[in-house]
Amino acid sequence: MNDVSSRSHAIFTFTLRQETKENFAVGTEVNPLDQNAESLLNQIFEIKSKFSFVDLAGSERLKRTKNTGVLKNEGIAINQGLLVLGRVIDTLTCPEKNLIVPYRESKITRLLQDSLGGNSKTVMIACISPTFAD
């Protein structure tokens, strides 16, 4: 185990909101006496984007770290969160439609629920060590 490791997950999220005013008068016929004409001419559209940067803690083997007490419980919680995240990704990529996605089984998956499923694009970059030691 790395002595300077934070031993925790980190999430940095920011939301961008963009408002645009669209004018539909060009190329469309709008009756100026119509009560809805003003709302058709100047509609405001809102676009929201959410960016989440996630740093996941690495899994730990209790046999190798020989942690006890609080450190042992932290390691178990980290491993549990990573296990549930793997199950969520596996369920989302499964072609069967009637599976329930286990978002609520972990804090990390609950926080990332809207980024993992639904109308989102997710990119994952992994740094994986080929060593057998923690």
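1. Some details on the overall build of the chain
When helices and strands are counted, the chain shows five helices and two strands. Mapped in sequence order, the helices and strands of the chain form the string β-α-β-α-α-α-α.

2. Thoughts on the packing of aromatic side chains
Tallied over the entire structure, the rule returns four aromatic pairs. A ring pair is formed by Phe12 and Phe14, whose centres lie 5.9 Å apart and whose planes are at 50°; its orientation type is tilted. Overall, the relative accessible area of 51% leaves Phe12 in the exposed class. Among the residues examined, Phe14 registers a relative accessible area of 30% and is labelled partly exposed.

3. Re the pattern of salt bridges
Applying the stated criterion to the full structure yields four salt bridges. With a shortest N-O distance of 2.9 Å, Asp114 and Lys50 are connected by a salt bridge. Pair noted here: Asp114 is in helix 5 (residues 113-116) and Lys50 is in strand 2 (residues 43-55), with a separation of 64 residues, a long-range link. Residue class for Asp114 comes out partly exposed when judged on its relative accessible area of 43%. Classification of Lys50 as partly exposed rests on a relative accessible area of 37%. Salt-bridge contacts for Arg87 lead to Glu105; the nearest nitrogen and oxygen are separated by 2.7 Å. A residue pair is termed long-range when its members are at least 10 positions apart, and Arg87 in helix 3 (residues 70-93) and Glu105 in the loop between helix 3 and helix 4 (107-111) qualify at 18 residues.

4. Focus on the environment of Arg104
Looking at the element boundaries, Arg104 is found in the loop between helix 3 and helix 4. Considered as a pair, Arg104 and Val88 are 16 residues apart in the sequence and their alpha carbons are 9.9 Å apart.

5. Here we look at helix 3
The terminal C-alpha atoms of helix 3 lie 35 Å apart, and with 24 residues this matches the ideal 34 Å at 1.5 Å per residue to within 8%. Turning to helix 3, its buried residues number three or more, namely Gly75, Ile78, Gly81, Val84, Leu85, Val88 and Thr91. Packing partners of the buried residues in helix 3 comprise helix 4 and helix 5.

6. Looking at the side chain of Ser106
Mapped onto the elements of the fold, Ser106 is located in the loop between helix 3 and helix 4. Note on Ser106: relative accessible area 10%, which makes it buried. Among the polar contacts listed, one links the side chain of Ser106 to the backbone nitrogen of Ile108, at a separation of 3.3 Å.

7. With respect to the environment of Thr91
Position of Thr91 relative to the elements: it lies in helix 3. For Thr91, a relative accessible area of 16% corresponds to the buried category. Between the C-alpha atom of Thr91 and that of Val101, which follows or precedes it by ten residues, the distance is 6.0 Å. Discounting residues that sit within four places of it in the chain, Thr91 has contacts with Leu99, Ile100, Val101 and Pro102.

8. Examining a nonpolar patch on the surface
Together, Ile11, Val54, Leu56 and Leu111 give the surface a local cluster of nonpolar side chains, amounting to about 300 Å² of exposed area. Tracing the backbone through its elements, the reader meets Ile11 in strand 1 (residues 10-22).

9. Side note on the confidence of the model for the chain
Within the chain, residue pLDDT values average 77, and 75% of them lie at 70 or more. Per-element confidence in the chain ranges from a low mean pLDDT of 59 for helix 1 (residues 37-41) to a high of 90 for helix 4.

Calculation criteria
- Residues numbered from 1 in each chain as written.
- Predicted model: local features only at pLDDT ≥ 70, side-chain atom pairs only at ≥ 80, totals over all residues.
- Heavy atoms only, no water.
- Helix = DSSP H or I, 4+ residues; strand = E, 2+ residues; numbered from the N terminus.
- Phe/Tyr/Trp six-rings, centres within 6.5 Å; stacked < 30°, edge-to-face > 60°.
- Buried < 20%, exposed > 50% of the residue type's maximum accessible area, 1.4 Å probe, protein only.
- Salt bridge = Lys/Arg side-chain N within 4 Å of Asp/Glu carboxyl O.
- Expected span 1.5 Å × (residues − 1).
- Contact = heavy atoms within 4.5 Å.
- Polar contact = N/O pair within 3.5 Å; in protein donor to acceptor, adjacent residues only side chain to side chain.
- Patch = residues over 30% accessible without salt bridge, like charges linked within 9 Å, V, L, I, M, F, W, Y side chains within 5 Å.
- Areas by Shrake-Rupley, 256 points an atom, 1.4 Å probe, with all protein chains shown as cover.
- pLDDT = per-residue confidence, 0-100.

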